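So the chains spell out like this:
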Amino acid sequence: MPKAEETILEIDLKALEHNLNHLKSRIPQQTKFLAVVKAFAYGSDACEIANHLQHLNVDYFAVAYTNEGVALRNAGITKPILVLHPQTVSFSTLIEHQLEPNLYSPKILEEFIEVASRLNYSNYPVHVKFNTGLNRLGFSESQVNYLAETLKATSVIKLTSIFSHLAASEDLNERDFTLNQINTFKRIAEILTEAISFKPMMHMCNTSGILNYPEAHFDMVRSGIGLYGYGNSEKENRNLKPISTLKTVISQIHHIQPGESVGYNRAFISETPVKTATLPLGHADGIGRPYGNGKGYVIINGKKAPIVGNVCMDMIMVNITNIDCKEGDEAILFDAQNTAEDLAETARTISYELLTAVSQRVKRVFLK
Ligand SMILES: *Cc1c(COP(=O)(O)O)cnc(C)c1O
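All values reported here derive from a predicted model rather than from experimental measurement. (Residues numbered from 1 in each chain as written. Predicted model: local features only at pLDDT ≥ 70, side-chain atom pairs only at ≥ 80, totals over all residues. Heavy atoms only, no water.)

Participant: Outline the overall build of the protein, listing residues and values.
Facilitator: The helix and strand inventory of the protein stands at 12 helices and 19 strands. Projected onto its principal axes, the C-alpha positions of the protein cover 75 × 45 × 40 Å. For the protein, the residues scored as buried account for 55% of the 368 residues in total. Once local pairs closer than 6 in sequence are excluded, the contacts in the protein between residues at least 24 apart make up 66%. Treating the 35 positive side-chain charges of the protein as one cloud and the 39 negative ones as another, the clouds have centres 2 Å apart. (Helix = DSSP H or I, 4+ residues; strand = E, 2+ residues; numbered from the N terminus. Buried < 20%, exposed > 50% of the residue type's maximum accessible area, 1.4 Å probe, protein only. Contact = heavy atoms within 4.5 Å. Lys, Arg positive; Asp, Glu negative; His and termini not counted. Charge placed at Lys NZ, Arg CZ, Asp CG, Glu CD.)

Participant: So what's going on with the site of the ligand? Which residues, and what values?
Facilitator: In the vicinity of the ligand, 14 residues are found, and the nearest of them are Lys38, Tyr42, Thr207, Ile225 and Tyr352. Here Gly224 contributes a backbone N or O atom positioned 2.9 Å from an oxygen atom of the ligand. Ile225 is positioned with one of its backbone polar atoms (N or O) 2.8 Å from an oxygen atom of the ligand. Isolated, the ligand exposes 390 Å² of accessible area, and the fraction of that covered by the protein chains is 94%. Taken together, the residues of the shell around the ligand break down into five nonpolar, five polar and four charged. (Near = heavy atom within 4 Å. Polar contact = N/O pair within 3.5 Å; in protein donor to acceptor, adjacent residues only side chain to side chain. Areas by Shrake-Rupley, 256 points an atom, 1.4 Å probe, with all protein chains shown as cover. Nonpolar A, V, L, I, M, F, W, Y, C, P; charged D, E, K, R; others polar.)

Participant: Lay out the sheet that holds strand β10 (residues 244-249) in plain terms, naming residues and giving numbers.
Facilitator: Sheet architecture is open: nine strands sit in the order β11-β14-β17-β16-β15-β18-β10-β1-β19, paired in mixed fashion. Across the chains shown, the open sheet's two edge strands, defined by having one partner strand only, are β11 (252-256) and β19 (363-367). On average, each strand axis in the sheet is inclined to that of its neighbour by 35°, with strand direction left out of account. Here strand β15 (residues 297-300) pairs with strand β18 (residues 330-334) via two bridges, running antiparallel. Bridging across to β18, Ile299 finds its partner in Ile332. Contacting β1 (8-12) and β19, helix α1 (residues 13-25) crosses the sheet at an angle of about 45° to β1. (Pairing = 2+ DSSP bridges. Axes fitted to C-alpha atoms, helices over the stretch in contact; angles between N-to-C directions.)

Participant: Please provide a residue-by-residue account of the UniProt feature "active site" (unreviewed entry) in the protein, values included.
Facilitator: Mapped onto the present numbering, the UniProt feature "active site" (unreviewed entry) falls on Lys38 and Tyr264. These annotated residues cover 227 residues of sequence, and their C-alpha atoms sit far apart, with the largest distance between any two at 34.6 Å. As for its position among the elements, Lys38 is in helix α2 (residues 38-43). Apart from residues no more than four positions distant in its own chain, Lys38 is found in contact with Ala62, Val63, Ala64, Glu68 and Leu84. With respect to the secondary-structure elements, Tyr264 resides in the loop between β12 (261-262) and β13 (268-269). Not counting residues up to four positions away in its chain, the partners in contact with Tyr264 are Asn310 and Cys312. (UniProt positions renumbered as here; feature names shortened; annotations may be inferred.)

Structure (structure tokens):
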């Protein structure tokens, strides 16, 4: 691996392939695989990642918003792209780029039919989401009849899939709740299928759903975090490889005398002689203020160097008193061994948040 000379996010495409193969080994061969590449593919790089995954033959992609789907189309992605949370204002852009909307409420459904009809479309592929307990987006069970009637009354759209989302698939203490979500989804699917006289694809599982609920794999699964190397449990993490390494370089070393302070607001005041290293990344790069004041750390020459004082916008200072290092040496925020999950925990958050926070200012470097 190249040594960092500035702050970079290194992305290992071989690890991505390993994770895809592992996740696919956990689902039946005929089950389709949708790769979730929203939020810049969880902070990595949506276009590079999607291109690689398209090459590896995933069946579907999903993004959260229309503009994310447009970026993928512009980067040469030709596979179907599901937009998980489209807004009415973007419908014509969505259609223009052959993106497939999640229609999650009567308002969204009716407005989409209107726009697609105005643009003279018929059988435009759409997906309908059901709320089975997350209470975030989706039609309720009581709206199935309305939905069936609306679908039967139009040829403008074609129902490609119905789906739902699990609220606690990684939490085995919530197994009963999850099984109830799965049953509710099956019941809804049965009633709808009967009413419209055909069977759309069904999908429900995110990464932890894939790993923990084989009975809910249905026709397709949707994986995000697993592709990026995190399985939401120690056991599953062992089978996956984190694809990204966030690393940087020591800009300057300071020798702090007792009574001196470090950083804004003098949040750290030294009682003993301390050696610090200043690193060129801060909260504007994705290391938020909760990581400051001894919570978060970096790895320098194999040793943990805790963050000293407050995180600045463009810099952090770390304690290297007991570390043999010099200006220009590399510092690792997270990699495959010192994981984003571990670092995220120091700020009481989760890998998802730390990964997606790595800002666009950080250069992406791909290992192929
Ligand atoms: C983000 C998202 C996923 C992916 O979840 P992971 O836990 O990252 O695998 C799947 N489905 C929906 C609806 C999502 O919003």
